[in-house]
Amino acid sequence: MDPKKVIVCRCEDVTLEDIYKAIEEGYTDLESLKRYLRIGMGPCQGAHCIPIVARILASKTGKKFDEIYIPGNRPPLNPIPLKYFLKKQQG
Amino acid sequence: MVGKADIVIIGAGIIGVSTAYNLVEKGIRNIVIIEKNYPGSGGSFRCATGIRASFTSEEHVLLMKESVKLWKELSEKHGFFYLRGGYVWLLSTEEQLELFKKFVEFHNSLGVPTRIISVEEIEKLVPTINTSGLVGGVYDPLAGKADCFKSLLLLLKYVRDKGVQVYTGTLARKIVVENSRVQGVETDKGFIEAKKIVVAAGYGSRDLLKTAGVDAPLNNLPKHALVTEKFNERFKPLLVDWSSTSYMVQTSSGTFLIGAEIEEEYNVKPVNRIEFLYKAAQVWVKYFPWLAEINVLRYWTGYYVMTPDHHPILGPIDDIDGLYVATGFSGHGFMMAPIVGKLMAEWIIEEKPSIPIAENLKLKRFREGKMIKEIAVFG
């Protein structure tokens, strides 16, 4: 399959080719790769793409998946509208 | 790991990276950067990304004016996002307006073109804002914002390509000093001999400097921020609500980044607190009713590394040969990084900064009782 046509991070529209290129440029840890390409920074918060990217990174760098994978856990776990944090006005 | 380097920089945040960048530009190559976590993992990647010269001390204004110029040059040379979209302070009382007239006068006297603006002008600069309750604002057209990720990562790649060694996941434990001269750094992966050491490790600098017998008055203040999902550009300026000391900015990726002040204590571990989300929503939904329907994606904590006078500690430590420090930015490290990197490289190579007033920011000011004076603390 053409890496240009494989979308790995759907929220931020990052292709497999973008990831291969970034790894070649030296972004070989998940934290840097994530911020360089914005992988996992969209509404899914990395739930779908980060494990896949970690696996690609593992195969490219020869490191173990467990060494690379860092599960993100910043709240909220799912996107939530700001209105739910509005306190009711008195009266 | 290498056993020897000309210069060891501790901390791969934007300050350490910018210092390495400026040293590389002066032809120095034998540099090692040590980072305990990953590049940018401290304040740099958690910041609000705002950049301005509109401060209220001469030291801040003169350094930041130069930094604003350098941000433009760096972004053009290395191809990362930087936009002079301005800052707008939203003012809701006549008293605030009177206070800001003094700030504007001070800025203008130092060549920073801020000005008081009317509610109508705010509406022009910030489409869709609900200005009820506002009496006016202040606009700084020279201020702006940059991509905190790409700027650091691209500068880091540049110095790496020039031969700078970067060791991530490596903890600096002790600065070894003999006969008032640095000998090297002990890390958890071994010793690196060095003639010069730059400590740019944020709050971690406090404990590190202690190992060299140096006391730096640093305190870590937890801060809170969130981002929403992304949208096309809605407005360019970074907004500061003066009454609540909260800010909101649309980042380069289109997300809205919101920070709001909640009560915090020094030197406690930052934790997520629901009050922050209540405060952020309360302040900003009032200005932008549409924000109520917008999703929050992430909420994270960070910290301001504070000094007693809210100004950084920069330059050589006078009583130890070869020891340099750049920390304590009190919330302004990202924006100051380009000029700080330049000044640090000048101190290291030429022993003199090109902006003489930077000498006022050396650590010895606390010992000598020469704290920096501000006309007021301004956001």
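Each remark here, short or long, concerns the structure printed above.
Below is a short write-up of the structure. Note that this is a predicted model, so its numbers are computed, not measured.

## Let's talk about the interface of chain B and chain A
Piece 1. Listed by partner, the interface residues are 32 residues for chain B and 28 residues for chain A.
Piece 2. Surface buried jointly by chain B and chain A totals about 2700 Å² across both partners, of which 63% is contributed by carbon and sulfur atoms.
Piece 3. The interface formed by chain B and chain A contains two salt bridges.
Piece 4. Counting the contacts that link chain B with chain A gives twelve residue pairs in polar contact (both at pLDDT 80 or more).
Piece 5. Elements supplying a minimum of two residues to the side of chain B that touches chain A: helix H5 (148–161), strand S13 (219–230), strand S16 (255–259), helix H7 (274–287) and strand S17 (295–306) of chain B.

## Structural notes on the packing of aromatic side chains
Residues and elements named next belong to chain B.
Piece 1. Enumeration over the complete set of coordinates arrives at 19 aromatic pairs over all chains.
Piece 2. Each ring, one from Phe100 and one from Trp242, has its centre 4.8 Å from the other, and the planes form 85 degrees; the classification is edge-to-face. Here Phe100, found in helix H3 (residues 94–109), pairs with Trp242, found in the loop between strand S14 (238–241) and strand S15 (246–250); they are 142 residues apart in sequence, far enough to count as distant.
Piece 3. Looking at Trp242, the relative accessible area reads 15%, which means it is buried.
Piece 4. Through pairs of rings, three or more aromatic residues link up here, namely Tyr87, Trp89, Phe100, Phe103 and Trp242.

## Points about helix H3 (residues 49–61) of chain A
Piece 1. Look at H3(A): 18 Å from first C-alpha to last across 13 residues, which is about the 18 Å you get at 1.5 Å a residue.
Piece 2. Gly62(A) sits one or two residues past H3(A) and shows a positive phi near 80 degrees.

## Quick word on the environment of Phe329(B)
All names here are of chain B.
Piece 1. In this structure, Phe329 sits in the loop between strand S19 (323–327) and helix H8 (333–349).
Piece 2. For Phe329 and Leu208, which are 121 residues apart along the polypeptide, the C-alpha to C-alpha distance reads 17 Å.
Piece 3. Residues in contact with Phe329, not counting those within four places in the same chain, are Ile15, Val305, Pro312, Leu314, Met336 and Val340.

## Comments concerning the packing of helix H2 (residues 30–37) of chain A against H3(A)
Residue and element names in this part refer to chain A.
Piece 1. Packing of H2 against H3 leaves a shortest axis separation of 11 Å and a crossing angle of 120 degrees. By the angle between their directions, the pair H2 and H3 is classed as oblique. Relative to H3, the crossing made by H2 is right-handed. Along the contact surface, H2 presents Leu30, Leu33 and Lys34, while H3 presents Ile50, Val53, Ala54 and Leu57.

## Some points on the layout of surface pockets
Piece 1. Estimated volume of the second largest pocket: approximately 510 Å³.
Piece 2. Lining the second largest pocket are 22 residues, and of these Thr28(A), Asp29(A), Ser32(A), Lys63(A) and Thr168(B) lie nearest its centre.
Piece 3. Across the lining of the second largest pocket, the residue classes break down as eight nonpolar, six polar and eight charged.

## Some points on the side chain of Ser253(B)
Piece 1. Residue placement: Ser253(B) occurs in the loop between S15 and S16.
Piece 2. Ser253(B) gets classed as buried once you look at its relative accessible area, which sits at 16%.
Piece 3. In terms of polar contacts, Ser253(B) uses its side chain to reach the side chain of Arg38(A), at 3.2 Å.
Piece 4. Once residues lying within four places of it in the same chain are set aside, the contact partners of Ser253(B) are Arg38(A) and Lys230(B).

Criteria and cut-off values
Residues numbered from 1 in each chain as written. Chains lettered and ligands numbered in written order. Predicted model: local features only at pLDDT ≥ 70, side-chain atom pairs only at ≥ 80, totals over all residues. Heavy atoms only, no water. Contact = heavy atoms within 4.5 Å. Buried area = accessible area lost by both parts, 1.4 Å probe. Salt bridge = Lys/Arg side-chain N within 4 Å of Asp/Glu carboxyl O. Polar contact = N/O pair within 3.5 Å; in protein donor to acceptor, adjacent residues only side chain to side chain. Helix = DSSP H or I, 4+ residues; strand = E, 2+ residues; numbered from the N terminus. Phe/Tyr/Trp six-rings, centres within 6.5 Å; stacked < 30°, edge-to-face > 60°. Buried < 20%, exposed > 50% of the residue type's maximum accessible area, 1.4 Å probe, protein only. Expected span 1.5 Å × (residues − 1). Axes fitted to C-alpha atoms, helices over the stretch in contact; angles between N-to-C directions. Parallel < 35°, antiparallel > 145°, perpendicular 65-115°, else oblique. Left-handed = near helix turned anticlockwise from the far one by under 90°. 1 Å grid on protein atoms, 1.4 Å probe; cavity = no way out; pocket = protein on both sides within 12 Å on 5 of 7 lines; lining within 4 Å. Points joined across faces, edges and corners; volume = space filled by probe spheres on them. Nonpolar A, V, L, I, M, F, W, Y, C, P; charged D, E, K, R; others polar.

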